[in-house]
Amino acid sequence: MELSVRHPLLSYYCSSSSSSSQPLKTRVRVSPSNFSFQQPLFSTPNQHYKLNLMDANKTTITRASVVEDNGSPTTSSQFDTVGGRIGEVKRVTKETNVAVKINLDGSGVADSSTGIPFLDHMLDQLASHGLFNVHVRATGDIHIDDHHTNEDVALAIGTAFLQALGDRKGINRFGDFSAPLDEALVHVSLDLSGRPHLSYDLRIPTERVGTYDTQLVEHFFQSLVNTSGMTLHIRQLAGKNSHHIIEAAFKAFARALRQATEYDPRRRGTVPSSKGVLSRS
């Protein structure tokens, strides 16, 4: 095995001439001055692995590209993501101040503080079940009510998703999931089409969950849809408890969005549309 480092591009090259597939149990983590191994690599006959880091400030290699002996990659460079697909938005009005950062290729890290405890709890579901890293900071006129903060957080999250998705090459595009939570069952189907549309059918029996106005659930999803450019259908199939119904909706949304944003390796980095383009209309 040969391992070399070339500065300043920090290009890492690893090859093996072994006649049988052997896992390399070390893991790579890269920094400008040192490195360690982050995820298992596997050597196979007549193949080598090429790892490139173009920005020394982004320290985690999330995926290796397998390169055949003729030099052509077996996976698109679209998948060789360093640091993940990230969207970052700041939205400041006379009513609110919102900062959002989302990593689509995260590990489910939730770090949200909006001043609305129930909304923070729902954003935790988005991160945990979507495996997105979600960072939200918001202050607003919640002394009046939660409406403006709830809306502007959703608008900023939708814009962050729009940024992180970029040209949407190679993604699955569609997501579909039904999430149960005790007696509640909610189905979500979505399309990252670039065309905003919300079809919403939750029958929440109470006006509030804690201090949170349950009318704001629909308004949250409508605001997110408007800025992200997604088609979103939410259907309640069962449920009597308001908290369970809303939480099941967020869990189903997170899982469906995870499906839609993940890469389809058979597409090899192409746009999942017969038109050849997916854009925010």
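Conventions used here
- Residues numbered from 1 in each chain as written.
- Predicted model: local features only at pLDDT ≥ 70, side-chain atom pairs only at ≥ 80, totals over all residues.
- Heavy atoms only, no water.
- Axes fitted to C-alpha atoms, helices over the stretch in contact; angles between N-to-C directions.
- Helix = DSSP H or I, 4+ residues; strand = E, 2+ residues; numbered from the N terminus.
- Parallel < 35°, antiparallel > 145°, perpendicular 65-115°, else oblique.
- Left-handed = near helix turned anticlockwise from the far one by under 90°.
- Contact = heavy atoms within 4.5 Å.
- Nonpolar A, V, L, I, M, F, W, Y, C, P; charged D, E, K, R; others polar.
- Core = buried A, V, L, I, M, F, W, Y, C linked by side-chain atoms within 4.5 Å.
- Buried < 20%, exposed > 50% of the residue type's maximum accessible area, 1.4 Å probe, protein only.
- Phe/Tyr/Trp six-rings, centres within 6.5 Å; stacked < 30°, edge-to-face > 60°.
- Lys NZ or Arg CZ within 6 Å of the ring centre and 35° of its normal.
- Pairing = 2+ DSSP bridges.
- Salt bridge = Lys/Arg side-chain N within 4 Å of Asp/Glu carboxyl O.

## Let's talk about the packing of helix α1 (residues 117-130) against helix α2 (residues 147-165)
Phase 1: Relative orientation of the contacting elements α1 and α2 amounts to 20°, with a least axis distance of 12 Å. In terms of orientation, α1 and α2 fall into the roughly parallel class. Two packed elements cross with a definite hand, and for α1 against α2 that hand is right-handed. Along the contact surface, α1 presents L119, L123 and L126, while α2 presents N150, V153, I157 and F161.
Phase 2: Partitioning the contact of α1 with α2 into residue classes produces 6 nonpolar, 1 polar and no charged.

## Observations concerning the nonpolar core
Phase 1: The biggest cluster of nonpolar side chains holds 59 residues, and the ones touching the most others in it are I157, L190, F220, L232, I234 and F253.
Phase 2: If one sorts the elements of this core by residue count, helix α4 (residues 242-261) sits on top with 11 residues.
Phase 3: Ignoring any residue separated from it by four or fewer positions in sequence, one finds I234 in contact with V186, H187, V188, L198, S199, Y200, D201, L202, F221 and A249.

## Focus on the packing of aromatic side chains
Phase 1: A full pass over the atoms with the stated rule returns 6 aromatic pairs.
Phase 2: Ring plane angle 90° and centroid distance 5.6 Å describe the contact between F220 and F221, whose orientation is recorded as edge-to-face.
Phase 3: By relative accessible area, which is 0% here, F221 ends up buried.
Phase 4: Ring plane angle 40° and centroid distance 4.9 Å describe the contact between F221 and F250, whose orientation is recorded as tilted. On the criterion of sequence distance, the pair formed by F221 in helix α3 (residues 215-228) and F250 in helix α4 is long-range, its members being 29 residues apart.
Phase 5: Grouped by ring-pair contacts, the aromatic residues F220, F221, F250 and F253 constitute a single cluster.
Phase 6: The cationic tip of R85 hangs over the ring face of Y263; the distance from NZ or CZ to the ring centre is 4.5 Å.

## Quick look at the sheet that holds strand β11 (residues 110-113)
Phase 1: Taking strand neighbours across the sheet as the criterion, the 4 strands line up as β9-β10-β12-β11 in an open arrangement whose pairing is mixed. With one partner strand each, in any of the chains shown, β9 (86-92) and β11 form the two edges of the open sheet. Neighbouring strand axes in the sheet, compared pairwise and without regard to direction, differ in orientation by 5° on average.
Phase 2: Alignment of β9 against strand β10 (residues 96-103), held across 7 bridges, turns out to be antiparallel. When the sheet's bridge partners are listed, V92 is paired in β10 with N97.
Phase 3: Packing against the sheet, α1 makes contact with β11 and β12 (133-140), and its axis sits at approximately 160° to β11.

## Overview of the pattern of salt bridges
Oppositely charged side chains may form a pair once their charged atoms are brought near each other.
Phase 1: One pass over the structure, following the stated rule, counts 8 salt bridges.
Phase 2: For D152, the salt bridge goes to R91, with nearest N and O atoms at 3.3 Å. Taken together, the residues span a long stretch of sequence, with D152 in helix α2 and R91 in strand β9 at a distance of 61 residues.
Phase 3: Given the relative accessible area of 3%, D152 is considered buried.
Phase 4: Note that E262 is salt-bridged to R258, the shortest N-O span being 3.3 Å.
Phase 5: Taking relative accessible area as the criterion, E262 reaches 37% and is therefore assigned partly exposed.

## What about the sheet that holds strand β15 (residues 197-201)?
Phase 1: If you walk across this open sheet you meet the 4 strands as β13-β14-β18-β15, and the pairing is mixed. Both edges of this open sheet fall to β13 (174-181) and β15, since each of them pairs with a single strand only. Looking at each pair of strands side by side, their axes are set apart by 10° on average, direction ignored.
Phase 2: Both β13 and strand β14 (residues 184-191) contribute to a ladder of 8 bridges, which runs antiparallel. Residue pairing in the sheet places D176 in a bridge with S189 of β14.

## A few points about the packing of α2 against α3
Phase 1: It is the contact of α2 with α3, at a shortest axis distance of 7 Å, that shows an interaxial angle of 30°. As α2 packs across α3, the resulting crossing turns out to be right-handed. Between α2 and α3, the residues in contact are H147, N150, E151, V153, A154, L155, I157, G158, T159 and L162 and L216, H219, F220, S223, L224, T227 and S228, respectively.
Phase 2: Grouping the amino acids of the contact of α2 with α3 by side-chain chemistry returns 8 nonpolar, 8 polar and 1 charged.

## A short note on the environment of P180
Phase 1: Looking at the secondary structure, you find P180 in strand β13.
Phase 2: Placed 65 residues apart in sequence, P180 and I245 show a C-alpha to C-alpha distance of 8.8 Å.

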